[in-house]
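Read off the chains here:
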Amino acid sequence: MKNKSLSHFLSIYSLMAFVFLCQCSPKETITDEKYKTLSEYFSQKHDVRISPAIKRIFVLTEKECVGCNARFSRLISSNINDTSSIVLVAASGTAVDISIFTDQPTQNVYFDEEAPETNPLFAHTQAIFLKNQAVDTIVAIKAAELQQQFDFIKNRK
């Protein structure tokens, strides 16, 4: 029973941390050129059209912070069947467990280990938020910022 409660707590904590990241981390405002690049990539590489119904693209890499990538992987795996999201797994599975994505194939998960090297838009583990067929915000998951944000959460009264 304790493990189930702990697991539930960690799930909620991860979601709260992600929401906080989206609200408080530095955000990059993007032009439509990046949306065009995203659209072309998914069209050419995966034969997928990014429709107006797509609100976010989660990019999972094995770059930088291994722990951050693992936590982000768990977070996006809970949204694996969300039709308003696309998940790009740009990882081989050597530094982050991607079995949740390979064991439960869905129509919104795509794989491309080479994406971080071939497309600068996928250079980091991140959440790309779309709005009105444009890239609205990119929240890169980086260890240095996570520590500051978690410290803020702990010290906030």
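Provided above is the structure to which this section pertains.
In this text the structure is predicted, and so the values were computed from the model without any measurement.

Trainee: For this particular structure, what's the right way to read the nonpolar core?
Mentor: Soluble, globular proteins show a tendency: their nonpolar side chains are buried together. In this structure, Leu38, Phe42, Ile50, Ile57, Phe122, Ile128 and Leu130 are the most contacted members of the largest nonpolar core, which totals 20 residues. Residue assignment for this core shows that the elements contributing at least two residues are helix 2 (32-46), strand 2 (56-61), strand 3 (85-90), strand 5 (126-130) and strand 6 (135-140). If you tally residues by element for this core, the top one is helix 2, at 4 residues. Residues Phe58, Val109, Val139 and Ile141 belong to the second largest nonpolar core, which totals 17 residues.

Trainee: Teacher, can you tell me more about the pairing of strand 3 here?
Mentor: Walk down a regular strand and you will see the side chains alternate between the two sheet faces. In terms of burial, strand 3 is a largely internal element, 6 of the 6 residues being buried. Neither face of strand 3 is exposed, since Ser85, Val87 and Val89 on one face and Ile86, Leu88 and Ala90 on the opposite face are all buried. Where strand 2 and strand 3 come together, 6 bridges link them in parallel fashion. Residue pairing in the sheet places Ile57 in a bridge with Ile86 of strand 3. What joins strand 2 to strand 3 is helix 3 (residues 66-77), and the crossover it makes is right-handed. Here strand 3 pairs with strand 4 (residues 109-111) via 3 bridges, running parallel. Across the sheet, residue Leu88 finds its bridge partner in strand 4, namely Tyr110.

Parameters and conventions
- Residues numbered from 1 in each chain as written.
- Predicted model: local features only at pLDDT ≥ 70, side-chain atom pairs only at ≥ 80, totals over all residues.
- Heavy atoms only, no water.
- Core = buried A, V, L, I, M, F, W, Y, C linked by side-chain atoms within 4.5 Å.
- Buried < 20%, exposed > 50% of the residue type's maximum accessible area, 1.4 Å probe, protein only.
- Helix = DSSP H or I, 4+ residues; strand = E, 2+ residues; numbered from the N terminus.
- Pairing = 2+ DSSP bridges.
- Right-handed = clockwise from strand over helix to strand, strands pointing away.

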